[in-house]
Amino acid sequence: MNAKILSTSLLVLAAVTLLVVLAFRVGTGATADSVAVLKTTGMTCGSCSSKITKALESLKGIAVTEVDVNGGWVIVGYDTKTVKPELLAEKVKGAGFGSTVHLVLTPEQFKQLTGRDIGAKAAPTSGCCGKSGGCGSNKKS
C-alpha cells in the first residue's frame, strides 16, 4: 500500500513540476504589439528562411517571424518595449542578407491589410537555391 501511495505522489509531483515549467515558459513568451515588414534581398531557398528566422528569434521580444522567400519579405511580430524595427533589419543583415524596414504596423493594421492575424498562416518558406549558388552566395545590400 505504501508503495502505491509513494508512486502516486511521485506522479503527481512530476505532473505539477511539468505544469509549472510550461506555465513559466508560456508566461515569458513575447507578445507582438507591433509588426515590422522588412524588404529583404539575397534569399533563395528554405534554408535562407530558416537562417533568418533563427537569427531573429534569438532576439528577446520576438513573438513570431514569417519569411516569404519568393516575395523577398520578412514579417516580424515583436514587442516594442524590447526591440526596435531597425534592430530587426540589422539582425537580418548580420545573417548575410540585405534588409531594410519597409513598413511598421500594429497587429490590427496587419490584419486589415492581409485578412489574417500575424503568425496565423506563415508565408511560403520553400524555394530553390537555383543557379545563384544557394544560400552561401548571399550578398548584403
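The rules we used
Residues numbered from 1 in each chain as written. Predicted model: local features only at pLDDT ≥ 70, side-chain atom pairs only at ≥ 80, totals over all residues. Heavy atoms only, no water. Pairing = 2+ DSSP bridges. Helix = DSSP H or I, 4+ residues; strand = E, 2+ residues; numbered from the N terminus. Axes fitted to C-alpha atoms, helices over the stretch in contact; angles between N-to-C directions. Contact = heavy atoms within 4.5 Å. Buried < 20%, exposed > 50% of the residue type's maximum accessible area, 1.4 Å probe, protein only. Lys, Arg positive; Asp, Glu negative; His and termini not counted. Salt bridge = Lys/Arg side-chain N within 4 Å of Asp/Glu carboxyl O. Polar contact = N/O pair within 3.5 Å; in protein donor to acceptor, adjacent residues only side chain to side chain. Phe/Tyr/Trp six-rings, centres within 6.5 Å; stacked < 30°, edge-to-face > 60°. Lys NZ or Arg CZ within 6 Å of the ring centre and 35° of its normal.

A. Fine view of the sheet that holds strand E3 (residues 73–78). The sheet built from four strands is open, its strands ordered E2-E3-E1-E4 with antiparallel pairing. Taken across any chain shown, the strands that pair with only one partner, and hence form the sheet edges, are strand E2 (62–68) and strand E4 (98–105). Along the sheet, successive strands turn relative to each other by an average axial angle of 20°, direction set aside. Sheet analysis places strand E1 (residues 34–41) next to E4, joined by seven bridges and oriented antiparallel. Along E4, the bridge assignment pairs valine 35 with leucine 105. The strands touched by helix H2 (residues 46–57) within the sheet are E1, E2 and E3, with E2 carrying the most contacts at an inclination of about 160°. With respect to the sheet, helix H4 (residues 107–114) is in contact with E1, E3 and E4, its orientation differing from that of E4 by roughly 95°.

B. The side chain of aspartate 68, seen in detail. Tracing the backbone through its elements, the reader meets aspartate 68 in strand E2. The side chain of aspartate 68 sits in the buried core without any salt bridge; lysine 39 is the nearest counter-charge, 8.1 Å away. Side-chain polar atoms of aspartate 68 contact the backbone nitrogen of asparagine 70, separated by 3.3 Å. A polar side-chain atom of aspartate 68 sits 2.9 Å from the main-chain amide nitrogen of glycine 71.

C. Structural detail: the packing of aromatic side chains. Tallying each qualifying case throughout the model produces zero aromatic pairs. Over the face of the ring belonging to tryptophan 73 we find lysine 39, whose NZ or CZ atom lies 4.4 Å from the ring centre.

D. Highlighting the environment of leucine 87. Along the chain, leucine 87 falls in helix H3 (residues 85–94). Residue class for leucine 87 comes out partly exposed when judged on its relative accessible area of 40%. The spatial distance from the C-alpha of leucine 87 to the C-alpha of leucine 59 is 9.4 Å, given a sequence separation of 28 residues.

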